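Chain by chain, the residues:
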Number of protein chains: 2
Amino acid sequence: MPSSHSTPTLQDVARKAGVSTATVSRCLNSPERVVAETRTRVMEAVEQLGYTPNFGARVMAAKRTFTIGAIVPTMENAIFARGLQAFQEELHARGYTLLVSSTAYDARVEKEQIKALVARGADGLLLIGYDRDPALYSYLAQQGVPAIVTWAYARHDARAAIGFDNRGAMAQLAGAVIAQGHRRIAMISAHQRGNDRAADRVAGVRDALRSQGLAEDSLQVIETAYGIETGEVAMTTLMRARVPPTAVMCGNDVLAAGALCAAADLGLNVPGDVSVTGFDDIELARIVTPALTTVHVPHREMGRKAAQALIAMVEGAPQEPPTELTTSVQIRASLGPAPGI
Amino acid sequence: MPSSHSTPTLQDVARKAGVSTATVSRCLNSPERVVAETRTRVMEAVEQLGYTPNFGARVMAAKRTFTIGAIVPTMENAIFARGLQAFQEELHARGYTLLVSSTAYDARVEKEQIKALVARGADGLLLIGYDRDPALYSYLAQQGVPAIVTWAYARHDARAAIGFDNRGAMAQLAGAVIAQGHRRIAMISAHQRGNDRAADRVAGVRDALRSQGLAEDSLQVIETAYGIETGEVAMTTLMRARVPPTAVMCGNDVLAAGALCAAADLGLNVPGDVSVTGFDDIELARIVTPALTTVHVPHREMGRKAAQALIAMVEGAPQEPPTELTTSVQIRASLGPAPGI
DNA sequence: TCGGCAAATGCAAGCGCTTACATCAGTGTT
DNA sequence: AACACTGATGTAAGCGCTTGCATTTGCCGA
């Protein structure tokens, strides 16, 4: 008799349906192996008892959790939100559940979270960017947990990845800025240490300067945490200099939104007095005034494909080579000709 | 001998340290019950083997997962992001891991996700709002999984909750709008069905109209999905009417941002031609032009307290009564006097 | 009619861990 | 010196499920 107080178990269902636990288990996991009549009886028992399989037991017996972990730097702004949403949708469609945790851009926290997720039996992991302690990669390999790198793409790295060329995309955007006659260009970047995307974006701007025959060390870079307020502060510093830049390229749209606010506060006209650009093309970019010139990233596509690739790896498919997604420069009102041109 | 290929188990550690599995388990879970010397030996073995406890086994034996689930309507925009981030931070500090999933505002998906999280052994659940199939609440009760309702607060409901009075807050904001002389007020709301927050906000506006002796059925309400674009569409519809409203109150900041975009596209001046308000006071509200008048919600505080309360419940504390957090009306440039006043 | 085969189901051995209880070795008491 | 007691550790019984293998059942052809 099912004990009336604790949650029902396979046993209880089996007893109620008058079959063995094995049959119940099969009904739940490979219904085609059970005759229709029995199956109906079992399913009714399941229904009546309100039975839910015990996850721990199932995991232990089956060695699979159907859980995928994602470790992102932050959930607070929208940078990762859309891609993650698409990732989860695809996962959900394939019967997997997503576990998200965030690191606040702290490598130590990231390490903890990775271990926590692996300990919790994540079948696979979504990681942002490449740059982390190599020991973590060996740890994952040792534990047999596949991982996929996203939001970045490195041709030379064999690791599974779905991303885009941060450096090339930023170089292209910088090319557009330079083409507008800007020569005094500054950049507001996230901290580059441990953040390859940020570092690549700075490098991209340098690439563009160089290829135009401009002095690349003339590029002034302010590093700061991601955030609207930090973007405001950085922009204010920049524009109060003796010779302020005529274009400020930001490491992402959030910083750029902050820069725009600061410009407004300082009474500067954008793009009349100074041009501002972002990166990511999140919704924010369209809403701010003036609308932001930025790099469009196919976040949803990235999330979806990452899910597909990761599931394939989890299910034992041979690891695919990294995939590069194409980005495009979105020219909007925040970029104009350099003043005096 | 530890099999060289599979991951090490408690057994392996015990063997290596020359103790029983019970002792190893105790070292890991209640170190003070083991003599220092033994403990050191065990910890060394753990270290050398790179042992990580098997989550499933642990869960099954201990009946606890130290995992909390959160089910939010969406991760795509920032409405829930900040609160969730705070929730996770507090959880993490207390040794719990957060599992997030989203429902796309679909009650069926929510049901699935709740079951999935319970099946995955979530010790407790964070839910948004009250409005859902009562069967779900009984299911949770039967499964013994405590849940806390957030982003809403209902005095009359005994359910554990940490939230704010959506209706009262919106009424207060509407009061401010009316005080500016607005009489033709329209509202852009999320779909109210299954979304008590949205419904309460509409009701709040009606309350305010009534208490000012205005005809509450004169309030025109457009329901739409949450999103910037949907906000734009709704605003366009509203402003193209023969007698357009002089103030448009939006169910949240995202819709309001869309409304502001639409106003700009239509060549309307805000607040000269029409005032716009939001709700939530997410970062967006400060960035848009003009800055948004909205209701400030203490998201981080809510997230933090929700974590504390939920953990207390999970750990067996008697259920606390619902907690109400205070909101405040944030007046910014998007609200001005009604035209012609 | 009966042997043989396949399909359906049952049996029971784990999966790796926690924990109640048993055991054992010291310590202090009388 | 015998005893009770305490603290450290070991023993072993599950936790609820999956799954390889054994058993049963029903049907076919000979």
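Up top is the structure.
An account of the accompanying structure is given in this report. (Residues numbered from 1 in each chain as written. Chains lettered and ligands numbered in written order. Predicted model: local features only at pLDDT ≥ 70, side-chain atom pairs only at ≥ 80, totals over all residues. Heavy atoms only, no water.)

1. Remarks on the interface of chain B and chain A
Next, step 1: Taken together, the 49 residues of chain B in the interface contact 51 residues of chain A.
Next, step 2: Of the roughly 4400 Å² buried where chain B meets chain A, counting both sides, 53% is carbon and sulfur surface.
Next, step 3: Interface area lost by chain B to chain A is led by E76, R120 and I287 of chain B, which between them contribute 16%.
Next, step 4: Put simply, chain B and chain A have 6 salt bridges between them.
Next, step 5: One salt bridge in this structure joins E76 of chain A and R300 of chain B, with 2.9 Å as the shortest N-O distance. (Contact = heavy atoms within 4.5 Å. Buried area = accessible area lost by both parts, 1.4 Å probe. Salt bridge = Lys/Arg side-chain N within 4 Å of Asp/Glu carboxyl O.)

2. Let's talk about the sheet that holds strand 3 (residues 124-128) of chain A
Paired through backbone hydrogen bonds, the strands of a sheet run either parallel or antiparallel to each other.
Residues and elements named next belong to chain A.
Next, step 1: What the 6 strands build is an open sheet, ordered 2-1-3-4-5-11; its pairing is parallel. The open sheet has two free edges, formed respectively by strand 2 (97-102) and strand 11 (323-325), since each of these has just one partner strand. The sheet shows a mean angle of 20° between the axes of neighbouring strands, direction not considered.
Next, step 2: Bridge analysis of strand 4 (residues 147-150) against strand 5 (residues 161-164) gives 2 bridges, and the strand direction is parallel. Note that in strand 5 the partner of V149 across the bridge is A161.
Next, step 3: Packing of helix 6 (residues 107-119) onto the sheet brings it into contact with strand 1 (67-72), strand 2 and strand 3, and relative to strand 1 it is tilted by some 175°. (Pairing = 2+ DSSP bridges. Helix = DSSP H or I, 4+ residues; strand = E, 2+ residues; numbered from the N terminus. Axes fitted to C-alpha atoms, helices over the stretch in contact; angles between N-to-C directions.)

3. Some points on the environment of S20 of chain A
Next, step 1: Here S20 of chain A is to be found in the loop between helix 1 (10-17) and helix 2 (21-29).
Next, step 2: Between the C-alpha atom of S20 of chain A and that of L10 of chain A, which follows or precedes it by 10 residues, the distance is 9.0 Å.

4. Thoughts on the protein's contact with DNA strand D
Next, step 1: If you check the shell around DNA strand D, you find 25 residues, and the closest are L10, S25 and Y51 of chain A together with T23 and T38 of chain B.
Next, step 2: Sugar plus phosphate: this is where 63% of the atoms of DNA strand D within 4 Å of the protein reside.
Next, step 3: R58 of chain A is positioned with one of its side-chain polar atoms (N or O) 3.1 Å from a phosphate oxygen of DNA strand D.
Next, step 4: Here a phosphate oxygen of DNA strand D sits 2.4 Å away from a polar atom, N or O, in the side chain of T38 of chain B.
Next, step 5: Elements that contribute at least two residues to the surface near DNA strand D include exactly helix 2 and helix 4 (55-62) of chain A together with helix 2 (21-29) and helix 4 (55-62) of chain B.
Next, step 6: For the surface near DNA strand D, a count of residues per class yields 13 nonpolar, 8 polar and 4 charged. (Near = heavy atom within 4 Å. Polar contact = N/O pair within 3.5 Å; in protein donor to acceptor, adjacent residues only side chain to side chain. Nonpolar A, V, L, I, M, F, W, Y, C, P; charged D, E, K, R; others polar.)

5. Quick word on the packing of helix 6 of chain A against helix 7 (residues 134-143) of chain A
Residues and elements named next belong to chain A.
Next, step 1: Helix 7 packs onto helix 6 with a crossing angle of 5° between their chain directions and a minimal axis gap of 11 Å. In terms of their interaxial angle, helix 6 and helix 7 are classed as roughly parallel. Of the residues in helix 7, those in contact with K111, I114, K115 and V118 of helix 6 are L136, Y139, L140 and Q143.
Next, step 2: Looking at side-chain class alone, the contact of helix 6 with helix 7 contains 5 nonpolar, 1 polar and 2 charged residues. (Parallel < 35°, antiparallel > 145°, perpendicular 65-115°, else oblique.)

6. Here we look at helix 5 (residues 81-93) of chain B
Next, step 1: Taking 1.5 Å as the rise per residue, helix 5 of chain B with 13 residues should run 18 Å; its terminal C-alpha atoms sit 18 Å apart, in good agreement.
Next, step 2: Those residues of helix 5 of chain B lying buried are A81, G83, L84, Q85, A86, F87, Q88, E90 and L91 of chain B.
Next, step 3: In this structure, the buried side of helix 5 of chain B is in contact with strand 2 and helix 6 of chain A together with strand 1 (67-72), strand 2 (97-102), strand 3 (124-128) and helix 13 (299-314) of chain B. (Expected span 1.5 Å × (residues − 1). Buried < 20%, exposed > 50% of the residue type's maximum accessible area, 1.4 Å probe, protein only.)

7. Quick word on the protein's contact with DNA strand C
Next, step 1: Residues in contact with DNA strand C amount to 25 residues; listed here are only the nearest, T23 and T38 of chain A together with L10, S25 and Y51 of chain B.
Next, step 2: Of what DNA strand C places within 4 Å of the protein, 63% of the atoms are sugar or phosphate.
Next, step 3: S20 of chain A is positioned such that a nitrogen or oxygen atom in its backbone is 2.8 Å from a phosphate oxygen of DNA strand C.
Next, step 4: Interatomic distance of 2.3 Å between a side-chain N/O atom of T38 of chain A and a phosphate oxygen of DNA strand C.
Next, step 5: Broken down by secondary-structure element, the contributors of at least two residues to the surface near DNA strand C are helix 2 and helix 4 of chain A together with helix 2 and helix 4 of chain B.
Next, step 6: When grouped by side-chain class, the residues that make up the surface near DNA strand C number 13 nonpolar, 8 polar and 4 charged.

8. Thoughts on the relation of the copies chain B and chain A
Next, step 1: For the pair chain B and chain A, the superposition axis carries a translation of 0.2 Å, the fit reaches an RMSD of 0.3 Å, and the rotation angle comes to 180°. In the structure described here, the two chain copies are related by an operation that fits a two-fold rotation axis.
Next, step 2: A shared interface surface links the copies, since 100% of the contact residues of chain B are contact residues in chain A too. (Least-squares fit on C-alpha atoms with pLDDT ≥ 70 in both.)

9. Description of the pairing of strand 5 of chain A
Residue and element names in this part refer to chain A.
Next, step 1: Here strand 5 shows no split at all, with A161 and G163 on one side and I162 and F164 on the other all buried.
Next, step 2: Alignment of strand 5 against strand 11, held across 3 bridges, turns out to be parallel. Residue pairing in the sheet places G163 in a bridge with E324 of strand 11.

10. Description of the nonpolar core
Next, step 1: Core analysis: the largest hydrophobic core is formed by 158 residues, its most contacted members being F87 and M235 of chain A together with F87 and M235 of chain B.
Next, step 2: Ignoring anything within four residues of it in the chain, the contact list for F87 of chain B reads I68, A70, L98, L126, G303, R304, A306, A307 and L310 of chain B.
Next, step 3: If you look at the next biggest cluster of nonpolar residues, it comprises 38 residues, including L127 and A161 of chain A together with A152 and A154 of chain B. (Core = buried A, V, L, I, M, F, W, Y, C linked by side-chain atoms within 4.5 Å.)

11. With respect to unusual backbone geometry
Next, step 1: Here the bond from T289 of chain A into P290 of chain A is cis, since omega is -10°, no more than 30 degrees from zero.
Next, step 2: Summarising the element assignment, P290 of chain A is placed in the loop between helix 12 (284-287) and strand 10 (294-296).
Next, step 3: Looking along the chain, the bond that leaves V270 of chain B and enters P271 of chain B is cis, with omega of 10°.
Next, step 4: Structurally, P271 of chain B is set in the loop between helix 11 (253-265) and strand 9 (275-277).
Next, step 5: For A104 of chain A, which is not a glycine, the phi torsion comes out positive at approximately 55°.
Next, step 6: Topologically, A104 of chain A is positioned in the loop between strand 2 and helix 6.
Next, step 7: Within the chain, Y105 of chain A stands out as a residue other than glycine whose phi angle is a positive 55°.
Next, step 8: Tracing the sequence through the fold places Y105 of chain A in the loop between strand 2 and helix 6.

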